[in-house]
Amino acid sequence: MKLSIRNVLSTLAILISGVTIASAQTSDSLPSAEDVVAKMMQLDAQRQSELTGYTAIRHYAAVNKKRHAEMLVRVSCDSTGAKEFTIVSEEGSGSIRKHVFHKLLSEETEASRRGTRSGTRLIPDNYQFQLVGRETLETGPAYVLSVVPKTQNKYLIDGKIWVDANDYSIVRIEGQPAKNPSFWVRSVHFVHTYQKVDQFWFASSTRTTSEIRIFGESELTIENSDYTLKPPADRMAEANEQARLVR
């Protein structure tokens, strides 16, 4: 349990299920993978420049036939993407909480730092992209692209991404780690979905299933909620000044 979930979710931390319905689109009516990825990167950079940070609540739950644990965490992310976590409550297996949940928080905190993000992003430097179709999710129409990592790195993924056809944000990721995270893990599969808050897309849920030697099938779920955007610096300065004058 310790080896599998910790490493699998490290992949997802660096980098978060809707029902899909295939649409009848022909290949020549679709843009190229290069065009989709270029627009995805362009608009992502624009949104990131406008994002001043956010807070959210995250719920972790891990279970197999023998153990169960849960943890509630408050997430705070600043304008650079750096994250801080505050544990609100936790219960269940002490081993899972110590070796899985707490380790995940530590690794995601480190992964969110500016210097460690570029090597794991979904960009052409790290992946080969191929457009495989167009589908309609609960979030709307989306382009479906296969992603193949250029290096066998456990922090990269091998699978598919769904890119919103209107604003070119990634709204779903499904697949497995590019490199088996452990001898003890025979198969890993995850689904990572996103939700829209104003013009930004944030992690909604992550569901991971792993077939683990000795433990058998294990499941880990992460649910995110209560996103609140931080106001721009000028608005915060104005509010602070008004509060000072009132005092």
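Residues numbered from 1 in each chain as written. Predicted model: local features only at pLDDT ≥ 70, side-chain atom pairs only at ≥ 80, totals over all residues. Heavy atoms only, no water.

1. Overview of unusual backbone geometry
Argument step 1. One non-glycine residue, D198, adopts positive backbone phi at about 55 degrees.
Argument step 2. Checked against the element boundaries, D198 lands in the loop between β9 (185-197) and β10 (200-212).
Argument step 3. The exposed category is assigned to D198, whose relative accessible area is 57%.
Argument step 4. Of note in the backbone geometry, D226 takes a positive phi value of approximately 55 degrees without being a glycine.
Argument step 5. Mapped onto the secondary structure, D226 falls in strand β11 (residues 216-229).
Argument step 6. Given a relative accessible area of 57%, D226 falls into the exposed group. (Helix = DSSP H or I, 4+ residues; strand = E, 2+ residues; numbered from the N terminus. Buried < 20%, exposed > 50% of the residue type's maximum accessible area, 1.4 Å probe, protein only.)

2. Examining the packing of aromatic side chains
Argument step 1. Under the counting rule described, the total for this entry stands at seven aromatic pairs.
Argument step 2. Measuring from centroid to centroid gives 4.6 Å for Y54 and F202, while their planes differ by 50 degrees, and the two rings are tilted. One end of the pair, Y54, is in strand β2 (residues 53-63); the other, F202, is in strand β10, and 148 residues separate them in sequence. Residues Y54 and F202 agree in their burial class; the two are buried.
Argument step 3. An aromatic cluster is present here, built from Y54, F200, F202 and Y227 joined pairwise through their rings.
Argument step 4. Over the ring of W162 we find R172; its NZ or CZ atom is 5.1 Å from the centre of that ring. (Phe/Tyr/Trp six-rings, centres within 6.5 Å; stacked < 30°, edge-to-face > 60°. Lys NZ or Arg CZ within 6 Å of the ring centre and 35° of its normal.)

3. A closer look at the confidence of the model for the protein chain
Argument step 1. Chain-level pLDDT for the protein chain is 81 on average; 76% of the residues reach the 70-or-more range.
Argument step 2. Contacts from residues 16-27, a stretch scored under 50 in pLDDT, to residues over four places away or in other chains number 30 contacts. (pLDDT = per-residue confidence, 0-100. Contact = heavy atoms within 4.5 Å.)

4. Regarding the environment of T208
Argument step 1. Turning to its location among the elements, T208 is positioned in strand β10.
Argument step 2. Judged by its relative accessible area of 3%, T208 falls in the buried class.
Argument step 3. Along the primary structure T208 and S218 are separated by ten residues, whereas in three dimensions their C-alpha atoms are 8.2 Å apart.

5. Thoughts on the nonpolar core
Argument step 1. Ranked by internal contacts, the top residues of the largest apolar core, which has 29 residues, are L145 and I161.
Argument step 2. Among the elements of the structure, α2 (33-50), β5 (127-137), β6 (140-149), β7 (157-164), β8 (170-177) and β9 are those that each provide at least two residues to this core.
Argument step 3. In terms of residue count, the dominant contributor to this core is β6 (five residues).
Argument step 4. Excluding residues that lie within four positions of it along the chain, I161 makes contacts with M40, L122, F129, Y143, V144, L145, V147, I170, R172 and I173.
Argument step 5. Counting 14 residues, the second-largest nonpolar core is a separate cluster that includes V75, F85, I96 and L104. (Core = buried A, V, L, I, M, F, W, Y, C linked by side-chain atoms within 4.5 Å.)

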